[in-house]
Structure formats: structure tokens, C-alpha cells
Amino acid sequence: MDDTEWIADHFERHRPHLRAVAYRMLGSLAEADDAVQDTWLRLSRSGADDVENLGGWLTTITARVCLNMLRSRNRRREEPLPVHLPDPVISPDGETQPEEQALMADSVSLALLVVLDTLTPDERLAFVLHDMFDLPFTEIAAMVGRTPAAAKQLASRARHRVKGAGGPDRARQRQVVDAFFAAARQGDFDALVAVLHPNVVARSDWGTRHPEASVVVRGAGAVARQALVGGGWPAARLRPVLVNGSPGVVVTLRGRPFAVMSFTVADRKITEVNTIADPGRVATIAAAVLSAE
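The text that follows walks through the structure, step by step, so that each part is easy to find. (Residues numbered from 1 in each chain as written. Predicted model: local features only at pLDDT ≥ 70, side-chain atom pairs only at ≥ 80, totals over all residues. Heavy atoms only, no water.)

Regarding the nonpolar core
Move 1: In this structure, Met-25, Ile-90, Leu-116, Leu-125, Leu-129, Met-132 and Ile-140 are the most contacted members of the largest nonpolar core, which totals 63 residues.
Move 2: Judged by nonpolar contacts, the second largest core, of 27 residues, contains Leu-192, Leu-196, Ala-202 and Leu-238. (Core = buried A, V, L, I, M, F, W, Y, C linked by side-chain atoms within 4.5 Å. Buried < 20%, exposed > 50% of the residue type's maximum accessible area, 1.4 Å probe, protein only.)

Quick look at the structure:
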């Protein structure tokens, strides 16, 4: 095996880990793949002769690429969309593919990714690399151009924002989600309110073509009314799926994917509903699951 083949072989061994880092950093599957590809190009150009710890070096390069992408993204978004949800990873309910297991190894819920999107690029890098991948603050500090103490403070601020973005066990979540849809189909406002937390937040992301439809609705009464008015549940088919490891659904209308919905549940109450209804994104996200039917 020559040097080129050796480098390619070892890079492929690290690819799932690098993609997991990039996905947590960027919240976009396409951008994560771009970041990993950029890392490969840098490795193929520079070689690995002077690299003692290839895995650590690749993680650092990927993180730096992601940090630059986040900073560039923030500069471009002078007028951000009203609502933009990260890309979810979905799989059939009860099944998780090996590549999805790598992405979801530490239960990165869509709710967590939504919170990560509110962090500054430096905060996100510090939290992801330290709290999710155990990198020391001395290495993180060099990436963000700060002292280790300042990098630790970045992670601390991020941790405070992220706290509480998890959820209970999957079976209990599914029961609550099923109760939500049963109440919506029956037009039962009181039953809907009963499964919603008083301070529930519902986000709808319709993409760039329909920004006026992208809204955030707050409160049990308002979210229940939205479910009754906009759901169209009798005409829809609900395909149970796992959305970043948690129960959710793919909604299809007339055989075509219409929306991907995920739920965050705490104490048997829905605290968040995140809906992606951007036609292009939904078709891409749901393709693997629907093709398996």
C-alpha cells in the first residue's frame, strides 16, 4: 500500500467521527459533508508525515473548517429567515442505520440543535468539542484565539443555554406524540391542550420560498388551535419515524412527503414541536425512509 492509499484508508476510518463533529457544529448534513470533504482535500495535499495523532489532527482541521463556515454564515445572514430549523437525521421507528448511529451517538436531539444554532460560533465550537468530544480547553483555545480560561467560559455559557434540551425515554415520548395526533384528528381542543406544556413552543420552517409561513407559536392554546386549523390530519398519512433518535413523523399528502415533525417531551407534556415543511428539504430528508416502505 503506497502513501496515498494509506492516507485514504485511514481517513475513511475517521470519516464517521468527523461527520458527527461537523453535523453538531453546523446542523446541516450537506454542509457537514462539505466540511469533511474540505478536510480530506487538506490532508491529501499536505500528507500525514509529520502528524503524530491523525485522528486528533483531522478533528482539529474539521472543527476549524466548521468554525469558518459558521462565521461566514453569520456574516451572510444580514436578514435571517423568521424560522430556520437544522437538518434532522430520520430513520424508521425502531431502526437506526450504522451511519446514523455515529451521528446520533450521544442523542443529539433536534431541540438541542435548535439551541446550538442560537450560540455564537466560538461558543458552539467550545461546547461541541469539549462537552461532546472531550477535547481539552488548551486545544480549543488555540482554535478560537483565546486563553484556555476564556475557552472554558465559552463552553460554560453555552452549557447554560443548552441545559434542558434533552428528553425522556423513547416509548413514553411516542405515547404522548400519538395522543397529540389522535386529538388533532378528532378535533378535540381540550385533549390537545392536555398533552401540551403551558409554555410549549411550535416552530414551522417553510424555507425561502414561503418565509411568511415560517412562524413561531407559543402557548398551549395557540399551538392547539394551529394543530386544528392547519393540520389537515384526516387527509394526511403519518409515518412514524425517529427524528434524531426521538419519536416524530413524516407527514404525507396524496402520497408525497409534506412535512417532517419532531417533538420534545418532558413530564409527559410536549414542550416543543419543530416542523420542516420546505418542499425541497422535506423530499431530501424523507427520501430514505419512504423508499424503504
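Side note on the packing of aromatic side chains
Move 1: Considering all chains together, one arrives at 5 aromatic pairs under this definition.
Move 2: Their ring planes at 75° and their centres at 5.8 Å tell us that Trp-206 and Phe-258 sit as a pair that is edge-to-face. One end of the pair, Trp-206, is in the loop between β2 (196-205) and β3 (215-218); the other, Phe-258, is in strand β6 (residues 256-266), and 52 residues separate them in sequence.
Move 3: One aromatic cluster in this structure is built from Phe-180, Phe-181 and Phe-263. (Phe/Tyr/Trp six-rings, centres within 6.5 Å; stacked < 30°, edge-to-face > 60°. Helix = DSSP H or I, 4+ residues; strand = E, 2+ residues; numbered from the N terminus.)

Regarding the sheet that holds strand β7 (residues 269-276)
Move 1: Here 7 strands make up an open sheet; going across it, the order is β1-β4-β5-β6-β7-β2-β3 and the pairing mixed. Two strands in the sheet have a free side with no partner beyond their single neighbour: β1 (90-92) and β3. Mean inter-strand twist for the sheet, computed between neighbouring axes without regard to direction, equals 30°.
Move 2: Pairing of β2 with β7, which is carried by 6 bridges, proceeds in the parallel orientation. (Pairing = 2+ DSSP bridges. Axes fitted to C-alpha atoms, helices over the stretch in contact; angles between N-to-C directions.)

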